[in-house]
Amino acid sequence: MSKYPFFLLFLIPLFLISQENEKKTDRYAFIKNEGQWHQDVYFKTELKEASIFFTNYGIRYQFIENPDHESNHADEEKGEIEAHFFNSIFIGANPEAKLTAVNASSSYNNYYLGKDKSKWKTGVYSYQEMLLENIYPGIDIRYYFKDGYLKYDFILAPYADPKLIKIKYDGVANPTISEGNLIVEHAFGTLIEKAPIAFQEINGEIRSIDCQFVMNEDNSIQFQFPENYASENALIIDPQLVFSTYSGSNTTNFGMTATYDNSGNGYMGGTIFENNYNNTINGYQQNFGGGDVDIVISKFSDDGTRLLYNTFLGGIESEAVASMVVNSNEELIVLAITSSADYPITTGSYKTQKTNSVGVILNNYRQIYSSGNDIAISKFSRNGRNLLASTFFGGNSSDGLNFNSSNIPSYTNLVYNYGDHFRGEITVDENDTIYIGTSTHSSNLDTSLSQFSGLQEGLIVKFSPNLDSLIWTRYLGGAADDAIYSLKVTDRNEILVGGGTRSFTNFPTTTNAYATSSFGGTADGFMTLLSSNGSILYSTFLGSTNYDQAYFVESDRFNNFYAFGQTSNPNYPIVNSSIADTGACQFIMKLDSTLSNVEFSHTFGNGNNIGRINISPTAFLVDRCLNIYTSGWGGSIQTGEGAKTLYPNMPLTANAEQSTTDRNDFYFYVINRDLDSLVYASFLGGLSSAYHLSIYLRILLHKFRFSNKF
């Protein structure tokens, strides 16, 4: 059995993805070589950014990594596409082995490659299944797709000798065997051949046969059977092949957000720079809208094996996605930023015309909002084919972006991490009423609850479920810069928001709050609780005398409130935590229902006692058992970005998925409710490629939230 799952690091936490099926359970994946490729190649199949070529002596893998656009300088030219070719060779194989295919597709491909017309081939069919016959005496190999997965079987006739099967990897470092699995490291990831399974059918009964990989002195691989098997019967050896690769396109694209629905399906949202996404006919918008960048959205099945739909979203200028949520009808709702007057808007929505305002240039993301940027909120049908509702929301300046007015693209004031310009959150309550928390520079938004009083304000907006009416809007901030990064609706239908502020003298706090006065430094975090009608109930500063911000907030079922953030203070207060990492610069705080008292204050990571931050926060969750989950992306990727170092000696658990780091990885950290036990901690990332995707840990952990009963 040979499966090809993929790992999601630009929109999405971890998914298993297979090729889309031409039919529900069949896949015409094997394209015949009619002369368009090298003569040694018999068939080829495409798996996202990997190509696999089949010969009569083995398999040739081609992995491709797109240009590294991590820095995204405005003058950056398109980089060269890097590739890694390597082979798995069947040592001693029959050079006359015949590779044939069955079940041809009804459609065909045409290839016009290069100037040599002899290489132009038309009417090239694809097939469902291939058989490499007599690769060794009495041994065949069957290649096929099943339920979207590529599989292969060694089929041994009675009395065939499995010791003849000998595989050698060429073009990569010598493979290793770990926990029964064969590990092959390549330039852009890891190929894993899972511990093989073998079986026989004897008298109508299927019997499992113990089987394992063994490494020879020449680093070739063979199969070993610890116990005897019935050699007079046919034998099937069924290894499972797994490799990690990328999802998206050959065009630059970035993951920015992700979410899930109650069926466990996963959604990723990102941006793309050209009309070259792996689109499907199921999506609402089939083509790139124009401008520098559009939004792309993908929906995956609950087990990650099927791509349910892809769609573009955007108009003639630039777009970006900040957050997504799924309502009770499993309709996806998207919080976007757009400069396009022709962004898709529905009739009868709250605002159908975009407001032209001050242009915004974000060179470090290669994005230009020429006509100024409005917020856009869009709701899609469950199958992604229909835009159910969509509205603009904006005023006389930039809306939905967080930046320093005097130096828009810089990492100053509240912008510390790569991606902080696009922070914000959208969510729904039990009635599917829509809420957004974000930032604005517009002073004339439709609100009677508060007045614009600074350079940049936090913004909270409440819309009807169909986006046809505005229920209320309010600013939140003081005389300087303020930004809302996270918003949650509590069990009491109150609204909890968190973020960062530089309004040290007049940010609104409430009597008896944990901190009614600013701590100082370059920025403070805050948490504010509002009633369902938008009035402030409780509000507090969070922080220290250094830099601090609260990037995520959460509530539990007892109406306690939590914040997850960054600090540059190695002496951040620790309260009621026996496992806090002294000197570390990521904090988790729990406050009571009135934001008056600190239940605990916990720091984690490795600050090296110099106030060094490790990660940019990307996800936060408190489950029904009050266990706490966090994740973030480590390291700094742009000049000028706030200093972050992901140290190799971060806290890790024995069962960590990855215990080493190149200092540019994700980091997952889970602690129990009593803060006396580290439940799980691990790195996650590639060995040679940097990832900076924004992922929500909620995708992986939503089952904890809804299934744990206490």
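Since the structure is predicted, the reported quantities are computational estimates derived from the model, not experimental observations. (Residues numbered from 1 in each chain as written. Predicted model: local features only at pLDDT ≥ 70, side-chain atom pairs only at ≥ 80, totals over all residues. Heavy atoms only, no water.)

**A closer look at the overall build of the chain**
Inclusion rule: Strands are runs of DSSP state E lasting at least 2 residues, helices are runs of H or I lasting at least 4, and numbering of each runs from the N terminus. Residue exposure ignores everything except the shown protein chains as possible cover, and the areas themselves are Shrake-Rupley values with a 1.4 Å probe.
Within the chain one finds 1 helix and 43 strands. Total accessible area computed for the chain in this model is approximately 26900 Å², and 45% of it derives from carbon and sulfur atoms.

**Comments concerning the sheet that holds strand β30 (residues 457-463)**
Keep this limit in mind: Pairing between strands is defined by DSSP: at least two bridges between the two strands are required. Between N-to-C directions, angles span 0 to 180 degrees; the directions come from axes that are lines fitted to C-alpha atoms, helices contributing only their stretch in contact.
Taken in spatial order, the 4 strands make up an open sheet running β28-β29-β30-β31, and their pairing is antiparallel. Bordering the open sheet on either side are β28 (425-428) and β31 (470-476), each of which pairs with just one other strand. The mean inter-strand angle of the sheet, taken between neighbouring strand axes irrespective of direction, is 15 degrees. Relative to β31, β30 is paired through 6 bridges, and the arrangement is antiparallel. By the bridge assignment for β31, Val-461 is matched with Thr-473.

**Observations concerning empty space enclosed by the protein**
Rule in force here: Any residue with an atom within 4 Å of a point lines the site, the site being either a cavity, points on a 1 Å grid over the protein atoms alone where a 1.4 Å probe fits but cannot get out, or a pocket, an open set with protein on both sides within 12 Å along at least 5 of 7 lines. Grid points are joined across faces, edges and corners, and a volume is the space filled by probe spheres set on the points. In the scheme used here, Gly and all other residues not listed as nonpolar or charged are polar, with Ala, Val, Leu, Ile, Met, Phe, Trp, Tyr, Cys and Pro taken as nonpolar and Asp, Glu, Lys and Arg as charged.
By volume, the second largest cavity amounts to about 60 Å³. Taken together, Ile-59, Tyr-61, Ser-88, Phe-90, Tyr-143, Tyr-152, Phe-154, Ile-167, Tyr-169 and Glu-193 form the lining of the second largest cavity. Broken down by class, the residue content of the lining of the second largest cavity amounts to 8 nonpolar, 1 polar and 1 charged.

**A closer look at the nonpolar core**
Filter applied, for reference: To form a nonpolar core, buried Ala, Val, Leu, Ile, Met, Phe, Trp, Tyr and Cys residues must be joined to one another through side-chain atoms within 4.5 Å. Categorising residues by exposure relies on relative accessible area from a 1.4 Å probe, with only protein chains included: less than 20% of the type maximum marks a residue as buried, more than 50% marks it as exposed, and the intermediate range marks it as partly exposed. We call two residues in contact whenever any of their non-hydrogen atoms come within 4.5 Å of each other.
Formed by 54 residues in total, the largest nonpolar core has its most connected members in Ile-297, Val-334, Ile-377 and Phe-422. Those residues within four positions of Phe-422 in sequence are excluded, and the remaining contacts are Met-256, Ala-320, Ala-322, Ile-337, Leu-362, Tyr-365, Gln-367, Tyr-369 and Leu-401. Among the nonpolar cores identified, the runner-up in size contains 43 residues, and Ala-198, Phe-225, Leu-235 and Ile-237 belong to it.

**A word on the packing of aromatic side chains**
Cut-off, in case you're wondering: Classification of ring pairs rests on two measures: the distance between centres of Phe, Tyr or Trp rings, Trp counted by its six-membered ring, which must be within 6.5 Å, and the angle between planes, read as stacked under 30 degrees, edge-to-face over 60 and tilted in between.
What the rule picks out here adds up to 29 aromatic pairs. One aromatic cluster is present, formed by Phe-552, Phe-564, Phe-604, Phe-620, Tyr-667, Tyr-669 and Phe-683 through successive ring pairs.

**Focus on the confidence of the model for the chain**
Stated precisely, the cut-off is as follows: The predictor rates its confidence in each residue with pLDDT, a number between 0 and 100.
When the pLDDT values of the chain are averaged, the result is 82; 80% of them are 70 or greater. Across residues 66-81, where pLDDT falls below 50, the model places 37 contacts with residues more than four positions away in sequence or in other chains. The model gives residues 242-251 a pLDDT under 50, and that stretch makes 54 contacts with residues more than four places away or in other chains.

**Digging into the sheet that holds strand β36 (residues 548-555)**
In spatial order, the strands read β36-β37-β38-β39; together these 4 strands make up an open sheet with antiparallel pairing. With one partner strand each, in any of the chains shown, β36 and β39 (598-604) form the two edges of the open sheet. Ignoring which end each strand starts from, the neighbouring axes of this sheet average 20 degrees apart.

**Thoughts on unusual backbone geometry**
Despite not being glycine, Arg-366 has its phi angle at roughly 60 degrees, a positive value. If you trace the backbone, Arg-366 turns up in the loop between β24 (360-362) and β25 (367-369). Assessed through its relative accessible area of 24%, Arg-366 is described here as partly exposed. Backbone geometry at Asn-413 places phi at a positive 55 degrees, although glycine is not the residue there. With respect to the secondary-structure elements, Asn-413 resides in the loop between β27 (387-393) and β28. With a relative accessible area of 23%, Asn-413 lands in the partly exposed category.

**Remarks on the side chain of Asn-181**
Note the cut-off: In protein, a polar contact means a hydrogen-donor-capable atom and an acceptor-capable atom, both N or O and within 3.5 Å, with residues adjacent in sequence counting only if both atoms are side-chain atoms; elsewhere, any N or O pair within 3.5 Å suffices.
Checked against the element boundaries, Asn-181 lands in strand β12 (residues 181-186). Look at Asn-181 and you get buried, because its relative accessible area is 13%. A distance of 2.9 Å separates the side chain of Asn-181 from the backbone nitrogen of Ala-195, its partner in a polar contact.

**Focus on the environment of Asp-374**
Looking at the element boundaries, Asp-374 is found in strand β26 (residues 374-380). Classification of Asp-374 by relative accessible area gives buried; the value is 0%. Linking Asp-374 and Ser-398, residues 24 residues apart in sequence, is a C-alpha distance of 6.5 Å. Excluding residues that lie within four positions of it along the chain, Asp-374 makes contacts with Ala-336, Ile-337, Thr-338, Lys-351, Lys-354, Thr-355, Phe-392, Phe-393, Gly-394, Gly-395 and Asp-399. A distance of 3.1 Å separates the side chain of Asp-374 from the backbone nitrogen of Thr-355, its partner in a polar contact.

**Looking at the pattern of salt bridges**
The condition is simple: Just to be clear on terms, a salt bridge is a Lys or Arg side-chain nitrogen sitting within 4 Å of an Asp or Glu carboxyl oxygen.
Counted under the stated rule, the structure contains 9 salt bridges. Among the ionic pairs, Lys-166 bridges to Asp-218, the shortest N-O distance being 3.6 Å. Of this pair, Lys-166 sits in the loop between β9 (149-156) and β10 (167-170) while Asp-218 sits in the loop between β15 (212-215) and β16 (221-224), and the two are 52 residues apart along the sequence. Assessed through its relative accessible area of 25%, Lys-166 is described here as partly exposed. Two residues, Glu-331 and Lys-379, come together in a salt bridge whose shortest N-O distance is 3.8 Å. You can see Glu-331 sitting in the loop between β22 (319-326) and β23 (332-338) and its partner Lys-379 sitting in strand β26, a full 48 residues away along the chain. Here Glu-331 and Lys-379 have matching classes, each one buried.

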